[in-house]
Amino acid sequence: MKALVALILLVQLPIHKAVPAAPPGPLGCDDPESEEAAEVAVSYINDHSHHGYKFALNRIENIRVVPQGLNSDIIFLELDLLETTCHILSPTPLENCTVRSFAEHAVEGDCDVKLLRADQKFSVLARKCHSHADSSEDILQVCPDCPLLTSLNNTEVLTTVTAALNDHNSKTADAYLRLLEIGRAKIQYHPAHIVNVEFAVAATNCSAEEAKDNVEACQLLPDDQSNFGFCTATMVTTQDKSQDLRVDCQLYGHQVPTPDSQDTSAGLVPSVVQGFTNHNLRLSHNNPFASESSSSEFPTAMLSAKSVAKRAVAEVAQHDKVPRPVGFLPPPPPCPGKIRHFKI
């Protein structure tokens with residue numbers, strides 16, 4: 001009888017089924033892995049961009065992970081970047097470069113990046129970028145007297161750059177410098193007429209003194225001897241038409257450009273008021289404007305308008321409000337991620 005009772009009690013005991021392990025949750029825009037991938041992407045973009053300025057991460061707009069097998073994923077990132085004050089040729093580490101303030105007429109870079117994550121290490125497979133300056137209306141609303149970026153083909157800009165370069169070369173005993181590209185230019189009309197320019201330069205095989213006799217014979221140095229630099233200049237014209245020119249040039253020393261032999265995608269493409277190139281030298285892309293075209297490297301969702309992406313994110317966030325069964329991971333932080341500097 002006791003055996004029968006024990007059997008009945010055993011049958012009545014609840015049976016606990018094994019609960020399968022929850023699948024790993026998707027990455028959020030502010031997750032440490034997302035930020036690590038973005039850091040690798042920004043470093044790659046700056047290393048392979050040969051015009052304008054270094055860019056810093058402002059926000060991760062979107063991220064999508066496509067599993068490829070054991071310990072391997074393809075990651076698609078959509079990034080918002082902001083221009084810094086460091087020219088792309090500057091050896092200054094990005095972490096020491098200052099992001100240009102909003103009042104300086106900030107420039108934003110939009111990039112779609114494809115990465116491979118294998119054994120927790122990231123490598124960039126492709127990227128597609130373009131840059132644009134903030135609208136003049138936005139700047140003037142906050143700072144009505146701030147000078148705005150102007151066309152780099154502006155006559156006053158070209159005149160100021162030429163005068164600045166001639167002034168520097170006439171006062172130095174070092175190598176004769178030639179213009180590589182104009183990076184930025186601004187003109188202020190009141191209360192004084194002021195032209196501000198920034199431009200990249202390279203040393204030639206002539207001294208400034210030797211160039212006085214035959215400037216046409218002065219050639220840019222070969223790769224193994226290259227010496228690049230950066231200049232800023234300000235031309236102030238008073239009401240009585242007198243002019244005051246101030247020039248500051250800094251040479252960086254020898255640098256070997258990052259090879260693009262295995263890289264068919266373009267980096268940050270200059271906007272209308274950026275990146276005017278006088279001498280492409282060895283630093284130009286084969287076709288820097290190729291990044292404006294569509295690419296099969298990136299899924300359609302990643303290349304759609306940001307308003308559409310944000311709407312889709314909102315729909316996902318709404319969907320995540322549905323109660324989840326016990327054992328499922330909470331939803332990731334929403335995308336887009338946090339803004340690190342300011343929004344354009």
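Rules and cut-offs
Residues numbered from 1 in each chain as written. Predicted model: local features only at pLDDT ≥ 70, side-chain atom pairs only at ≥ 80, totals over all residues. Heavy atoms only, no water. Disulfide = S-S within 2.5 Å. Helix = DSSP H or I, 4+ residues; strand = E, 2+ residues; numbered from the N terminus. Buried < 20%, exposed > 50% of the residue type's maximum accessible area, 1.4 Å probe, protein only. Expected span 1.5 Å × (residues − 1). Contact = heavy atoms within 4.5 Å. Pairing = 2+ DSSP bridges. Axes fitted to C-alpha atoms, helices over the stretch in contact; angles between N-to-C directions. Core = buried A, V, L, I, M, F, W, Y, C linked by side-chain atoms within 4.5 Å. Salt bridge = Lys/Arg side-chain N within 4 Å of Asp/Glu carboxyl O.

J.: How should I be thinking about the state of the cysteines in this particular structure?
T.: Scanning all chains against the criterion turns up six disulfides. Covalent S-S linkage joins Cys29 and Cys335, the inter-sulfur distance amounting to 2.0 Å. Its S-S torsion of approximately 110° makes the covalent link between Cys29 and Cys335 right-handed. With Cys29 in the loop between helix H1 (2–12) and helix H2 (32–47) and Cys335 in the segment after helix H7 (306–319), the pair connects residues that are 306 residues apart, well separated along the chain. No difference in accessibility class separates Cys29 from Cys335, as the two residues are buried. The connectivity of the disulfide bonds within the chain can be written as 1-12, 2-3, 4-5, 6-7, 8-9, 10-11, using the sequence rank of each bonded cysteine.

J.: What exactly am I supposed to notice about H2 here?
T.: Helical periodicity: at 3.6 residues per turn, an α-helix aligns residues three or four positions apart in one direction. The terminal C-alpha atoms of H2 lie 23 Å apart, and with 16 residues this matches the ideal 22 Å at 1.5 Å per residue to within 8%. Each element contacted by the buried residues of H2 is listed here: strand S1 (53–69), strand S2 (72–87), strand S3 (107–118) and strand S4 (121–133).

J.: I tried to follow the pairing of S4 on my own but got confused; where do I start?
T.: Along a regular strand, successive side chains alternate from one face of the sheet to the other. Note that S3 and S4 share twelve bridges and pair antiparallel. Looking at S4, one finds that Val113 is bridged to Arg127. Count of turn residues in the S3/S4 antiparallel hairpin: two residues, of which Asp119 carries a positive phi of about 50°.

J.: How do you make sense of the sheet that holds S2 when you look at a structure like this?
T.: Whenever strands of a sheet pair, they do so through backbone hydrogen bonds, lying parallel or antiparallel. Pairing is antiparallel in the open sheet, where four strands are placed in the order S1-S2-S3-S4. Two strands in the sheet have a free side with no partner beyond their single neighbour: S1 and S4. Across the sheet, the mean angle separating the axes of adjacent strands is 15° when strand polarity is ignored. As paired elements, S1 and S2 share 13 bridges and run antiparallel to each other. In the strand pairing of S2, Phe55 is matched with Glu83. Along the sheet, H2 contacts S1, S2, S3 and S4; its crossing angle with S4, the most-contacted strand, is approximately 65°.

J.: Can you help me understand the nonpolar core in this one?
T.: Generally speaking, a soluble globular protein has its nonpolar side chains buried in company with each other. Core analysis: the biggest nonpolar cluster contains 25 residues, and Leu77, Leu79, Leu81, Val113 and Leu115 have the highest contact counts within it. At the level of secondary structure, the elements contributing two or more residues to this core comprise H2, S1, S2, S3 and S4. Here the element with the most residues in this core is H2; it accounts for six residues. Here Leu115 is in contact with Ala37, Val40, Ala41, Asp73, Ile74, Ile75, Leu77, Phe122, Ser123, Val124 and Leu125, once residues within four sequence places are set aside. In this structure, Leu165, Leu179, Phe199 and Val201 belong to the second largest nonpolar core, which totals 19 residues.

J.: Sorry, what's going on with the pattern of salt bridges here?
T.: A side chain of one charge can pair with a side chain of the opposite charge if their charged atoms are brought near each other. Per the counting criterion, the structure on display carries 14 salt bridges. For Asp167, the salt bridge identified is with Lys171, shortest N-O distance 3.2 Å. Overall, the relative accessible area of 21% leaves Asp167 in the partly exposed class. Its relative accessible area of 66% is what places Lys171 among the exposed residues. Measuring nitrogen to oxygen at the nearest pair gives 3.2 Å for the salt bridge that ties Arg246 to Asp244. For Asp244, a relative accessible area of 35% puts it in the partly exposed group. When salt bridges that share partners are traced, they join Glu83, Arg100, Glu104, Arg184 and Glu198 into one network.

Purely spatial values, then, with no claim about function.
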